[in-house]
Amino acid sequence: MPEWWTYGLSDFLLFSPRTYYRLLEHHNRAMWPAQLLVAGLALVILGLLRRPTTGQGRIISGILALLWIWVSWAFVWKRYATINWAASYLVPLFVLEALLFFWIGVAGGRLIFHLRRNAAGMLGIALLVLALAFYPVLAPLSGRPWEQAEIFGLAPDPTVIASLGLLLLLEGGVRWPLLAVPLLWCLASGATLWAMGSREALILFAAAFFVILAATRPTLRWRKHEYS
Amino acid sequence: MPSEPTLSRRTVVGTLAASAAAVWLRPLSALAQGSPITKPIPSTGERLPIVGLGSWITFNVGEDADLRDECAAVMSAFFAAGGQMIDSSPMYGSSQAVIGYGLNKLRRPGALFSADKVWISSGDRGPGQIEESRRFWGVRRFDLLQVHNLLAWEEHLPALLAMKAEERVRYVGITTSEGRRHEEIEKIMASRPIDFVQVTYNILDREVEERILPLARDRGIAVIANRPFREGALIRSVERHPLPSWAREIGAGSWAQVILKFIASHPAVTCAIPATTKVAHVKENLAAATGPLPDAAMRRRMAADVAAL
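Residues numbered from 1 in each chain as written. Chains lettered and ligands numbered in written order. Predicted model: local features only at pLDDT ≥ 70, side-chain atom pairs only at ≥ 80, totals over all residues.

A. Inspection of the overall build of chain B at higher detail. When you go through chain B residue by residue, the secondary structure sums to 13 helices and nine strands. Residue burial in chain B is summarised as follows: out of 309 residues, 45% are buried. The long-range share in chain B, meaning contacts at least 24 apart out of those at least 6 apart in sequence, stands at 78%. (Helix = DSSP H or I, 4+ residues; strand = E, 2+ residues; numbered from the N terminus. Buried ≥ 20, exposed ≤ 12 C-beta atoms within 10 Å, placed from the backbone. Contact = placed C-beta atoms within 7 Å.)

B. View of the overall build of chain A. Within chain A one finds eight helices and zero strands. Counted from the first residue to the last, chain A has its helices and strands arranged as α-α-α-α-α-α-α-α. Taking the principal axes of the C-alpha coordinates as reference, chain A spans close to 50 × 45 × 30 Å. Counting every position in chain A, which comprises 228 residues, the buried fraction comes to 40%. At a minimum sequence separation of 6, the contacts of chain A that also span at least 24 residues come to 71%.

C. Local environment of the nonpolar core. Core analysis: the biggest nonpolar cluster contains 155 residues, and Val 197, Val 223, Ile 259 and Ala 264 of chain B have the highest contact counts within it. Ranked by residue count, the leading element in this core is helix H3 (residues 56-83) of chain A, at ten residues. Beyond its immediate chain neighbours, meaning those up to four positions away, Val 197 of chain B contacts Gly 173, Ile 174, Ile 185, Met 189, Ile 212, Ala 216, Ile 221 and Val 223 of chain B. (Core = buried A, V, L, I, M, F, W, Y, C linked by C-beta atoms within 7 Å.)

D. Representation of the environment of Ile 250 of chain B. Residue and element names in this part refer to chain B. Relative to the helices and strands, Ile 250 is located in the loop between helix H10 (246-249) and helix H11 (255-264). Expressed as a C-alpha distance, the spacing of Ile 250 and Ala 159, which sit 91 residues apart in the sequence, is 43 Å. With residues up to four places along the chain from it excluded, the contact list for Ile 250 reads Lys 261, Pro 292, Leu 293, Pro 294 and Met 298.

E. The confidence of the model for chain A, seen in detail. Here chain A averages 91 in pLDDT, while 92% of its residues score no lower than 70. Contacts from residues 224-228 of chain A, a stretch scored under 50 in pLDDT, to residues over four places away or in other chains number eight contacts. (pLDDT = per-residue confidence, 0-100.)

F. Quick look at the interface of chain B and chain A. Across the contact, twelve residues belong to chain B and 14 residues belong to chain A. The class makeup of the residues in the side of chain B that touches chain A is four nonpolar, four polar and four charged. (Nonpolar A, V, L, I, M, F, W, Y, C, P; charged D, E, K, R; others polar.)

G. The arrangement of the pairing of strand S4 (residues 113-118) of chain B in detail. Residues and elements named next belong to chain B. With six of six residues buried, S4 is to be regarded as a mostly interior element. Covered by surrounding structure in S4 are Phe 113, Ala 115 and Lys 117 together with Ser 114, Asp 116 and Val 118, the residues of both alternating faces. Across three bridges, strand S3 (residues 85-87) lies against S4 in parallel orientation. Looking at the pairing, Asp 87 lines up with Ala 115 of S4. Taken together, the four bridges between S4 and strand S5 (residues 142-147) define a ladder with parallel strand orientation. (Pairing = 2+ DSSP bridges.)

H. Up close: the environment of Trp 185 of chain A. Residues and elements named next belong to chain A. Note that Trp 185 resides in helix H7 (residues 176-195). A sequence separation of 24 residues divides Trp 185 from Ile 161, and the C-alpha atoms of the two residues are 9.6 Å apart. Ignoring any residue separated from it by four or fewer positions in sequence, one finds Trp 185 in contact with Pro 156 and Val 160.

I. Spatial organisation of the confidence of the model for chain B. Residues and elements named next belong to chain B. On average, residues of chain B score 90 in pLDDT, and 89% of them reach the 70 mark or higher. Predicted confidence for residues 1-32 stays below pLDDT 50, and this span has 14 contacts to residues more than four positions away or in other chains. Model confidence for the complex is summarised by a pTM of 0.87, with the ipTM given as 0.86.

J. Seen up close, the sheet that holds strand S7 (residues 196-200) of chain B. Residue and element names in this part refer to chain B. Strand order in the open sheet made by the seven strands is S3-S4-S5-S6-S7-S8-S9, with parallel pairing throughout. One side of each edge strand has no neighbouring strand; the edge strands of this open sheet are S3 and strand S9 (271-272). Sheet strands touched by helix H5 (residues 126-137): S4 and S5. Its angle to S4, the strand with the most contacts, is close to 145°. (Axes fitted to C-alpha atoms, helices over the stretch in contact; angles between N-to-C directions.)

K. Region of the structure containing unusual backbone geometry. The omega torsion across Trp 32 of chain A and Pro 33 of chain A is 10°, close enough to zero to call that bond cis. Counting through the fold element by element, Pro 33 of chain A comes out in the loop between helix H1 (17-31) and helix H2 (34-50). Even without being a glycine, Arg 107 of chain B presents a positive backbone phi close to 60°. Relative to the helices and strands, Arg 107 of chain B resides in the loop between helix H4 (95-105) and S4. Classification of Arg 107 of chain B by C-beta neighbours within 10 Å gives exposed; the count is 7. Positive phi, close to 50°, is recorded for Arg 230 of chain B, a residue that is not glycine. Tracing the backbone shows Arg 230 of chain B in the loop between strand S8 (222-226) and helix H9 (233-238).

Shown next, in the form of structure tokens:
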């Protein structure tokens with residue numbers, strides 16, 4: 001792009017905040033009662049974290065793979081891309097993330113999740129709470145109707161943040177290939193929200209920052225003696 | 001000494017016929033509030049209202065049925081007030097499809113002057129993109145096709161000029177925004193037979209007054225002013241101040257009208273294309289195209305006063 005330095009974030013914003021949030025509202029209406037299903041899946045994940053069983057990693061990885069595919073198709077491709085053509089380029093990345101969860105976690109059985117009390121573990125739990133409990137109430141807290149709530153497993157931002165939280169709970173340390181797409185989404189979606197004047201952008205930027213910090217600081221990485 | 005005006009039977013009959021046609025072609029509501037001032041497209045003399053309708057962001061509402069209907073209502077008010085030019089681009093998400101929806105809902109208003117763009121880095125894929133845009137709008141052909149932001153203009157411009165020669169488009173132009181690539185714009189204006197140039201121009205962004213607008217006059221190129229309100233930021237920045245006393249002198253009842261009258265009163269500017277999602281705003285914008293326009297002295301005063309706010 002010529003003279004790219006003359007472009008600001010707002011030059012890339014193709015739609016109004018009102019249109020974007022109404023998109024979420026229509027998505028929630030169309031998905032009902034899938035909200036109950038994804039809430040159930042979230043409870044399954046939390047239960048498996050609390051009481052790990054055989055195949056815990058495979059089940060959580062399978063749920064994440066399923067939800068990444070679902071969000072990419074039902075929201076990013078079918079809805080978001082109608083107002084943001086750039087979103088269509090992100091769909092293959094969502095599919096890639098789903099395939100990685102399936103390949104490494106489900107087929108390979110190499111992803112095992114542990115609740116830990118070190119900094120990375122606490123951050124992972126905080127991100128999970130943020131995605132599962134705080135994101136749905138962000139809409140009313142921001143003065144928007146409940147119908148525009150962003151729900152884990154249906155909307156991309158809480159799904160991505162929950163995934164980042166879970167990736168910080170992995171046994172065996174950081175899996176950069178799995179972190180790459182969620183971090184990229186945090187930047188892309190955060191930039192969009194920032195251009196829209198939404199303070200929710202800060203959540204995504206902060207999540208990406210702290211996840212990178214936790215993943216790159218050796219003292220924050222998983223260690224065997226740090227099992228809870 | 002100018003000759004005395006005379007009335008021949010042909011003149012009277014012709015005038016009556018033209019008036020009857022105007023009443024037939026234009027909604028009565030437009031006549032009620034006064035038809036908008038028009039300016040000629042220099043290359044043909046065809047006249048266009050000095051306020052058009054942009055679609056950047058505002059018409060990109062996807063499949064949202066309620067918002068599509070709101071856009072159609074804006075278009076309806078636009079045509080009812082005598083508006084003609086609607087401008088869009090493949091870059092604007094679903095805007096083209098939403099315009100097509102509105103045109104269908106309004107039963108294809110005959111006043112429409114359709115302005116769209118080609119925006120793709122591959123010259124070979126330009127015709128395909130134009131055809132897709134045409135289908136979105138549902139028009140037989142575009143009135144104006146522009147190379148958006150000069151993207152691959154070396155390939156697209158000859159193709160557009162060939163389309164014009166084949167009468168598959170009526171006018172050809174180029175666009176830029178926010179002061180980008182002005183040197184290149186000038187070179188194209190000076191060397192290519194384009195009908196329109198689209199640039200950013202408003203009461204604060206006046207760089208084009210230096211070279212591009214005079215060049216447009218010299219070369220007989222129509223000028224479309226985009227981002228008249230800086231996507232609303234300009235209005236928000238001035239509206240906390242009371243309207244200056246001179247606003248009444250130019251028939252402006254709001255800051256939006258002050259800004260539009262300033263833009264449209266430049267002798268080289270053919271029309272401004274504000275975008276909006278509100279019927280009240282589109283009526284207000286079209287109303288700015290009626291009544292007096294500021295002269296050169298008033299324009300200087302307006303620019304100085306607004307810059308000092």
